[in-house]
Amino acid sequence: MLTVVLPKGALLPDSIRLLKAVGLDFSVFLDPANRLLQITDPTGTAKAFLVRNYDVPVYVEYGQAQLGIIGYDVLREKVPQVAHLADLGFGKCRMSVAVKQSSPYRSALDLPLYGRVASKFVHCSREYFDSLDLPVEIVPLYGSVELGPITGMSEAIVDLVATGTTLRENGLIETDVLFESTARLIAHPLSYRLNTDSLSEWIEKLRSAVAIAA
Ligand SMILES: Nc1ncnc2c1ncn2[C@@H]1O[C@H](COP(=O)(O)OP(=O)(O)OP(=O)(O)O)[C@@H](O)[C@H]1O
Ligand SMILES: O=P(O)(O)OC[C@H]1O[C@H](OP(=O)(O)OP(=O)(O)O)[C@H](O)[C@@H]1O
């Protein structure tokens, strides 16, 4: 049976919509009253797991799920050993550096040597500041990173920006874009190579559904 792992949160509604377009209905996961973490679609064709965003690549890496849907930002942060199959188009955002509007900084290169940068994306932040040859201290946080500069804990943040509303409402401005992100289809490399459970047919159907939606 085909197995798919889906992320709770921002990417879930579009992920469910895409799977529905290829005949797999996991809309039970969208019901706020639902507590099931594993469901089989009504046709008995495929099983889906619902996990925290960062855990999606783990289930695919270990082969418990043949397919997964996850943001490119998470792939850049965790660098999991999975096959990258398709850009799904939704979940558009970018990874950016931001600072307080009232600060003198207008670019990452303006930041002081050994300044602090708060982020959930420690690896991406480290890689970016290393590429600038600017030594900074990365302060790991789990969310609401905008509070770093607001409280004075850090000079800057590295975080996802979509509409820019969160930054604006918290008096921050974007200075540098590290990369753009969208949701991606990933696969367990061995299942993909061996084409278990007609995986390649499902992948083709998903790619066609994405092309039609574009
Ligand atoms: N504002 C946004 N607009 C569009 N896509 C976003 C936005 N914020 C995040 N994303 C995308 O959706 C993914 C999931 O984000 P979400 O906010 O649901 O999870 P999270 O809070 O990072 O995860 P968790 O709750 O497990 O810590 C991100 O990895 C990114 O690819
Ligand atoms: O540019 P915007 O459209 O305002 O979106 C950006 C916000 O979305 C994400 O937050 P999320 O909802 O994931 O909460 P978090 O801060 O807990 O990560 C991100 O971390 C920003 O805070």
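Going along each chain's sequence as written, the residues are numbered from 1 onward. Going through the entries in the order they are written, you letter the chains from A and number the ligands from 1. Side-chain atom pairs in this predicted model are given and counted only at pLDDT of 80 or more, local residue features only at pLDDT of at least 70, and totals for whole chains, interfaces and linings cover all residues. Hydrogens and water are ignored here; the side-chain numbers use all heavy atoms of the structure.

A. Local environment of the sheet that holds strand β5 (residues 83-87). Strand order in this open sheet of six strands is β2-β3-β1-β4-β11-β5, and the pairing throughout is mixed. Of all strands in the sheet, those with a lone pairing partner are β2 (38-40) and β5, marking the two edges. Neighbour to neighbour, the strand axes of the sheet diverge by 25° on average, direction disregarded. We call two residues in contact whenever any of their non-hydrogen atoms come within 4.5 Å of each other. To get an axis, fit a line to the C-alpha atoms, keeping to the stretch in contact for a helix; angles then go from 0 to 180 degrees between the N-to-C directions. Helix numbers and strand numbers start at the N terminus; a helix is a DSSP run of H or I with at least 4 residues, a strand a run of E with at least 2. Contacts from helix α1 (residues 12-21) reach β1 (2-7), β3 (46-51) and β4 (67-71) within the one sheet, and its direction differs from that of β1 by about 155°. Lying over the sheet, helix α8 (residues 199-213) contacts β1, β4, β5 and β11 (183-187), oriented at roughly 30° with respect to β5. For two strands to be treated as a pair, DSSP must find no fewer than two bridges joining them.

B. Quick look at the site of ligand 1. One heavy atom within 4 Å of a molecule or strand makes the whole residue count as near it. By nearness alone, 14 residues border ligand 1, and A10, R52, N53, D73 and K120 come closest of all. We call two N or O atoms a polar contact when they sit within 3.5 Å, provided that within protein one can donate a hydrogen and the other can accept it, with sequence-adjacent residues counted only if both atoms are side-chain atoms. Note that an oxygen atom of ligand 1 is positioned 2.7 Å from one of the backbone N or O atoms of A10. Between ligand 1 and K120, the relevant distance is 2.9 Å, taken from an oxygen atom to a side-chain nitrogen or oxygen of the residue. Notes on ligand 1: free accessible area 620 Å², of which the protein chains cover 70%. Surface accessibility in these figures is a Shrake-Rupley result with a 1.4 Å probe; residues are shielded only by whichever protein chains are displayed.

C. Structural view of the packing of aromatic side chains. Note on ring pairs: Phe, Tyr and Trp rings are taken, using the six-membered ring of Trp, and paired if centres are within 6.5 Å. Classes follow the plane angle, with under 30 degrees stacked, over 60 edge-to-face and the rest tilted. With the rule as written, the count across this model stands at four aromatic pairs. Taking 6.4 Å as the distance between ring centres and 40° as the angle between the ring planes, the aromatic pair formed by F49 and Y59 counts as tilted. On the criterion of sequence distance, the pair formed by F49 in strand β3 and Y59 in helix α2 (residues 56-61) is long-range, its members being ten residues apart. Judged by centre distance (5.6 Å) and plane angle (80°), the ring pair of Y128 and F129 falls under edge-to-face. In this pair, the class of Y128 matches that of F129, namely buried. For K205, the ring lying beneath its charged end belongs to W202, and the centroid distance is 4.2 Å. For every residue, the accessible area (1.4 Å probe, protein chains only) is compared with the maximum for its type, and the residue is labelled buried under 20%, exposed over 50%, or partly exposed between those bounds. Throughout this description, the term charge over a ring refers to an Arg CZ or Lys NZ atom that lies within 6 Å of the ring centre and within 35 degrees of the ring normal.

D. Local environment of the domain arrangement of the protein. Marked domain ranges trace back to an automatic or database domain assignment. Taken as a whole, the protein is organised into domain 1 (2-91 + 182-213) and domain 2 (93-180). Between the C-alpha centres of domain 1 and domain 2 the distance comes to 30 Å. In this assembly, eight residues from domain 1 lie in contact with eleven residues from domain 2. Accessible-area loss on putting two parts together, using a 1.4 Å probe and summing over both, is the definition of buried area adopted here. Buried area between domain 1 and domain 2, summed over both chains or domains, comes out near 810 Å², and the portion from carbon and sulfur atoms is 51%. Broken down residue by residue, the surface that domain 1 buries against domain 2 is led by D73, R76 and E77, which jointly contribute 64%. By definition here, a salt bridge exists when the distance from a side-chain nitrogen of Lys or Arg to a carboxyl oxygen of Asp or Glu is within 4 Å. Taken together, the connections running from domain 1 to domain 2 amount to one salt bridge. Linking E127 and R76 is a salt bridge whose minimum nitrogen-to-oxygen distance equals 3.5 Å. Linking domain 1 with domain 2 are four residue pairs in polar contact (both at pLDDT 80 or more). Throughout, the ten residues Ala, Val, Leu, Ile, Met, Phe, Trp, Tyr, Cys and Pro are labelled nonpolar, Asp, Glu, Lys and Arg are labelled charged, and all others, Gly among them, are labelled polar. Split by residue class, the side of domain 1 that touches domain 2 holds three nonpolar, two polar and three charged.

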